[in-house]
Amino acid sequence: MKAGYVTLVGRPNAGKSTLLNRLIGEKIAIVSDKPQTTRHRILGVKPVTGGQMVFLDTPGIHKPMHRMNQRMVDAALDTLRDADVVVLVVDAASPPGAGDRFVLERLETVSRPVILALNKIDLVKKPALLPLIESYTKARPFHAVVPISAVAGDGVDALEKEVLAALPEGEPLFPEDYLTDQSQRALAAETIREKVLHHTRDELPFTTAVVIDRFEEPSGDQKLFRIHASILVETASQKPIVVGKGGEMVKRVGTEARYDLEKQLGGRVFLDLHVKVRGDWRDDDRLLDEMGMRRG
Ligand SMILES: Nc1nc2c(ncn2[C@@H]2O[C@H](COP(=O)(O)OP(=O)(O)OP(=O)(O)O)[C@@H](O)[C@H]2O)c(=O)[nH]1
Ligand SMILES: [Mg+2]
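## Side note on the coordination of the magnesium ion (ligand 2)
Phase 1: Protein coordination at the magnesium ion (ligand 2): the donors are Ser17 (OG) and Thr38 (OG1), at 2.0 to 2.1 Å from the metal. With a gap of 21 residues between them, Ser17 in helix H1 (residues 16–24) and Thr38 in the loop between H1 and strand E2 (42–48) connect regions that are remote in the sequence.
Phase 2: The buried category is assigned to Thr38, whose relative accessible area is 7%.

## Focus: the packing of aromatic side chains
Phase 1: As enumerated under the stated definition, the model contains 2 aromatic pairs in all.
Phase 2: With centroids separated by 4.9 Å and ring planes inclined at 25°, the aromatic side chains of Phe174 and Tyr178 adopt a geometry described as stacked.
Phase 3: Given a relative accessible area of 28%, Tyr178 falls into the partly exposed group.
Phase 4: Consider the rings of Phe215 and Phe225, whose centres lie 6.0 Å apart with planes at 65°: the pair is edge-to-face. Here Phe225 lies in strand E8 (residues 224–233) and Phe215 lies in strand E7 (residues 209–216), a separation of 10 residues in the sequence.

## Thoughts on the nonpolar core
Taken as a class, soluble globular proteins show a tendency for nonpolar side chains to be buried jointly.
Phase 1: Leu19, Leu20, Phe55, Val87, Leu159 and Val163 are the most contacted members of the largest nonpolar core, which has 26 residues in total.
Phase 2: Going through the elements one at a time, strand E1 (2–9), H1, strand E3 (51–57), strand E4 (85–91), strand E5 (114–119), strand E6 (144–147) and helix H5 (156–166) are the ones with two or more residues in this core.
Phase 3: Excluding its chain neighbours within four sequence positions, the residues that come into contact with Leu159 are Leu19, Val87, Ile115, Ala117, Val146 and Ile148.
Phase 4: Judged by nonpolar contacts, the second largest core, of 25 residues, contains Ala76, Ala83, Leu116 and Ile133.

## Overview of the pattern of salt bridges
Phase 1: For the coordinates displayed, the defined rule picks out 23 salt bridges.
Phase 2: With its nearest N and O atoms 2.8 Å apart, the salt bridge here joins Asp285 to Arg71. Placement of Asp285 in helix H10 (residues 285–290) and of Arg71 in helix H2 (residues 67–81) is noted, with a sequence separation of 214 residues between them.
Phase 3: In this structure Arg71 comes out as buried when scored by relative accessible area, which is 5%.
Phase 4: Residue Asp289 pairs with Arg295 through a salt bridge whose shortest N-O separation is 2.9 Å.
Phase 5: Asp289 sits in the partly exposed class, given a relative accessible area of 35%.
Phase 6: The network of salt bridges with common partners includes Arg67, Arg71, Asp285, Asp289 and Arg295.

## Structural notes on the packing of helix H6 (residues 184–199) against helix H9 (residues 248–265)
When two helices pack together, their arrangement is captured by the angle between the axes and the distance separating the axes.
Phase 1: Between H6 and H9, the shortest axis-to-axis distance is 9 Å and the interhelical angle comes to 140°. Judged by the inter-axis angle, H6 sits oblique to H9. Helix-helix and strand crossings are classified by hand; for H6 and H9 the assignment is right-handed. In this structure, H6 uses Gln184, Leu187, Ala188, Thr191, Ile192, Glu194, Lys195, Val196 and His199 to contact H9, whose residues at the interface are Met249, Arg252, Val253, Glu256, Ala257, Asp260, Leu261, Gln264 and Leu265.
Phase 2: In terms of residue class, the contact of H6 with H9 is made up of 9 nonpolar, 4 polar and 5 charged.

## With respect to the sheet that holds E8
Phase 1: Reading across the sheet, the 3 strands line up as E7-E8-E9 and stay open at both edges, with mixed pairing between neighbours. Looking at the sheet topology across the chains shown, the edges are occupied by E7 and strand E9 (268–277). Between one strand and the next, the sheet's axes are offset by a mean angle of 20°, whatever the strand orientation.
Phase 2: The pairing of E8 with E9 spans 10 bridges and is classified as parallel. If you follow Leu224 over to E9, its bridge partner there is Arg268.
Phase 3: Lying on the sheet, H6 is in contact with E7, E8 and E9; it crosses E7 at an angle near 140°.

## Quick word on empty space enclosed by the protein
Phase 1: Summed over all chains, the structure comprises 2 cavities of 30 Å³ or more.
Phase 2: Computed from the structure, the largest cavity encloses a volume of approximately 70 Å³.
Phase 3: Lining the largest cavity are Lys27, Ile28, Ala29, Ile30, Gln182, Leu187, Glu190, Thr191, Glu194, Asp260 and Gln264.
Phase 4: Breaking the lining of the largest cavity down by element, the ones donating at least two residues are H6 and H9.
Phase 5: At 4 residues, the largest contribution of residues to the lining of the largest cavity is made by H6.
Phase 6: Of the residues contributing to the lining of the largest cavity, the split by class is 4 nonpolar, 3 polar and 4 charged.

## What about the site of ligand 1?
Phase 1: Surveying the vicinity of ligand 1 reveals 22 residues, the closest of which are Lys16, Thr18, Gln36, Thr37 and Asp122.
Phase 2: Within the backbone of Ala14, one N or O atom sits 3.1 Å away from an oxygen atom of ligand 1.
Phase 3: Within the backbone of Ala150, a nitrogen or oxygen atom sits 3.0 Å from an oxygen atom of ligand 1.
Phase 4: In the complex, 89% of the free accessible area of ligand 1, which totals 650 Å², lies under the protein chains.
Phase 5: Its atoms largely coinciding with the cavity grid, ligand 1 occupies the second largest pocket.
Phase 6: With 3 residues, the top contributor of residues to the shell around ligand 1 is H1.

Here is what the cut-offs are and how they apply
- Residues numbered from 1 in each chain as written.
- Chains lettered and ligands numbered in written order.
- Predicted model: local features only at pLDDT ≥ 70, side-chain atom pairs only at ≥ 80, totals over all residues.
- Heavy atoms only, no water.
- Donors = N, O, S within 2.8 Å, 3.2 Å for Na, K, Ca; no water.
- Helix = DSSP H or I, 4+ residues; strand = E, 2+ residues; numbered from the N terminus.
- Buried < 20%, exposed > 50% of the residue type's maximum accessible area, 1.4 Å probe, protein only.
- Phe/Tyr/Trp six-rings, centres within 6.5 Å; stacked < 30°, edge-to-face > 60°.
- Core = buried A, V, L, I, M, F, W, Y, C linked by side-chain atoms within 4.5 Å.
- Contact = heavy atoms within 4.5 Å.
- Salt bridge = Lys/Arg side-chain N within 4 Å of Asp/Glu carboxyl O.
- Axes fitted to C-alpha atoms, helices over the stretch in contact; angles between N-to-C directions.
- Parallel < 35°, antiparallel > 145°, perpendicular 65-115°, else oblique.
- Left-handed = near helix turned anticlockwise from the far one by under 90°.
- Nonpolar A, V, L, I, M, F, W, Y, C, P; charged D, E, K, R; others polar.
- Pairing = 2+ DSSP bridges.
- 1 Å grid on protein atoms, 1.4 Å probe; cavity = no way out; pocket = protein on both sides within 12 Å on 5 of 7 lines; lining within 4 Å.
- Points joined across faces, edges and corners; volume = space filled by probe spheres on them.
- Near = heavy atom within 4 Å.
- Polar contact = N/O pair within 3.5 Å; in protein donor to acceptor, adjacent residues only side chain to side chain.
- Areas by Shrake-Rupley, 256 points an atom, 1.4 Å probe, with all protein chains shown as cover.
- Sits in = over half its atoms within 2 Å of the grid points.

Keep in mind these numbers describe shape, not what the thing actually does.
Shown next as structure tokens:
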């Protein structure tokens, strides 16, 4: 039997969370086209013949400008240290730059096998791949290099095989039917945030957070979850954008989040959303603690 922790790392927006969901076969991590979507480490277990792979999705590694971002990067680097195997996810559709070098530097001290996953190959012409692979392999040795498309699924089986082969021998780390360590409460907050991310742009995706104020599980025969949540923004001028004309935006976010959550939680959902201004919440340690963001 093979078993171990597989950390997915890379710069923001490379496709780590899309890959996690694809590998696990369920949506456990939110995804968006904005960078810095993932703010926590997310664990997903994949049972396979001959072993168990425990994947750890991480926040994109970047230069932190706020305490929240420092915690995000710390979470990614801590998770890197827990890894038996590391998968470096890079966006093959964008030329390697300073952000990629920054990530590669963070991998210099890693002694475990590092597999390079060249993601988004659906956007790349084949001849462009070889020079890209060369530029990465010049920077450091990789245990294997696998071109993939996390969205379309191409190459993901090959990646899985490489990962399994690189894992140490061992007994399963989690029970057979274990999927993720993410609580229903955290899942609710993340799902709401994903909908906010989809409908906002500019600085708003970065300045928004979601806090669950109350989470009531169904009681009795009634399969109804009651969730009260606050969408935090940083300035008074951001609030009307998230609320929308006549509350239209927050309503849309609520409807879309409820739709996803009803499927994921397997019950009906009552969702009560409020938009609140919390100046500088990204530098507020107490609030970041409350949100469950780990201190480095
Ligand atoms: N075309 C294409 N798009 C992809 C692929 N994988 C991911 N994406 C898109 O890339 C964007 C970022 O994906 P995420 O999975 O959120 O990226 P991430 O690395 O988790 O980003 P952070 O959480 O911000 O670090 C989304 O719009 C995805 O749909 C792929 O294989 N092909
Ligand atoms: Mg992510």
